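# Breakdown of the fold
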Amino acid sequence: MSDITIYHNPACGTSRNTLEMIRNSGNEPTIIYYLETPPSRDELVKLIADMGIGVRALLRKNVEPYEQLGLADERLTDEQLIEYMLQNPILINRPIVVTPLGTRLCRPSEVVLDILPEPQQGEFTKEDGEKVVDSTGKRLG
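Since the structure is predicted, the reported quantities are computational estimates derived from the model, not experimental observations.

### Things to note about the nonpolar core
Counting residues in hydrophobic clusters, the biggest one holds 20 residues, and the most contacted among them are L58, M85 and I96. Those elements that provide at least two residues to this core are helix 2 (41-51) and helix 4 (78-87). In terms of residue count, the dominant contributor to this core is helix 2 (four residues). Leaving out residues up to four positions away in the same chain, M85 has contacts with L44, V55, L58, L59, L91 and I92. Formed by 15 residues, the second largest nonpolar core is a distinct cluster that contains I4, C106, V132 and V133.

The structure is reproduced here in structure tokens:
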């Protein structure tokens with residue numbers, strides 16, 4: 001079993017790029033399809049704490065439930081926002097990656113390079129054509 005976990009949405013290009021960079025480091029992560037198997041309340045709270053971000057930073061704003069539920073309202077508490085994310089996992093931003101070196105919301109996808117235990121094993125180009133890693137495994141940019 002891998003010591004790397006990705007909370008993944010295969011319909012998301014950023015999530016797919018992140019997964020492929022993990023694989024490019026020689027690791028096959030545990031993949032959690034969080035829309036089908038959402039985290040529990042305790043898991044979600046721990047992920048947010050481990051990332052060191054606020055609850056709102058994990059909230060996706062460009063999906064339909066956000067407007068419908070009035071989630072822009074600053075009076076909503078963190079607990080209320082977490083409850084909405086648990087009820088509507090599409091509101092959880094992704095991908096979230098957990099490794100022995102840390103937990104991060106990998107937006108942009110190359111953030112994952114900061115927490116991978118092993119280096120990239122070769123060139124990596126994102127789906128949009130942006131080169132992220134050269135042929136020697138060195139991060140570009």
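Still to come is the rest of the account.
### Describing the pattern of salt bridges
Applying the stated criterion across every chain yields a total of twelve salt bridges. Measuring nitrogen to oxygen at the nearest pair gives 2.7 Å for the salt bridge that ties E127 to R16. Note that E127 is positioned in the loop between strand 5 (124-125) and strand 6 (131-133) and R16 in helix 1 (residues 13-24), a separation of 111 residues in sequence. Here R23 ties to E20 by a salt bridge, and the two come within 3.0 Å at their closest N and O atoms.

### Thoughts on the pairing of strand 1 (residues 5-8)
Burial of strand 1 is two-sided: the residues T5 and Y7 facing one way and the residues I6 and H8 facing the other way are all buried. Note that strand 1 and strand 2 (residues 30-33) share four bridges and pair parallel. Along strand 2, the bridge assignment pairs Y7 with I32. Tracing the backbone out of strand 1, into helix 1 and back to the parallel element strand 2 gives a crossover that is right-handed. The sheet contact formed by strand 1 and strand 3 (residues 96-99) spans three bridges and is antiparallel. By the bridge assignment for strand 3, I6 is matched with V97.

The rules behind each value
Every chain's residues receive numbers from 1 upward, in the order its sequence appears when written. Whole-chain, interface and lining totals are the exception, using all residues; otherwise, since this is a predicted model, local features are given only for residues with pLDDT of at least 70 and side-chain atom pairs are given and counted only at 80 or more. Side-chain descriptors were evaluated using all non-hydrogen atoms of the structure, hydrogens and water having been removed beforehand. Among buried residues, the Ala, Val, Leu, Ile, Met, Phe, Trp, Tyr and Cys ones that are joined through side-chain atoms within 4.5 Å form a nonpolar core. Note on exposure labels: buried denotes an accessible area under 20% of the residue type's maximum, exposed denotes more than 50%, and partly exposed covers the range between, all computed with a 1.4 Å probe on protein chains only. The way it works is that DSSP assigns letters per residue, a run of H or I at least four long becomes a helix, a run of E at least two long becomes a strand, and they are numbered from the N terminus. What makes two residues a contact is simply this: any of their non-hydrogen atoms within 4.5 Å. Just to be clear on terms, a salt bridge is a Lys or Arg side-chain nitrogen sitting within 4 Å of an Asp or Glu carboxyl oxygen. Strands qualify as paired when DSSP identifies two bridges or more between them. Handedness of a crossover is defined as follows: orient the strands so they point away from the viewer, and if the path from the first strand over the helix to the second runs clockwise, the crossover is right-handed.

Keep in mind these values describe shape, not function.
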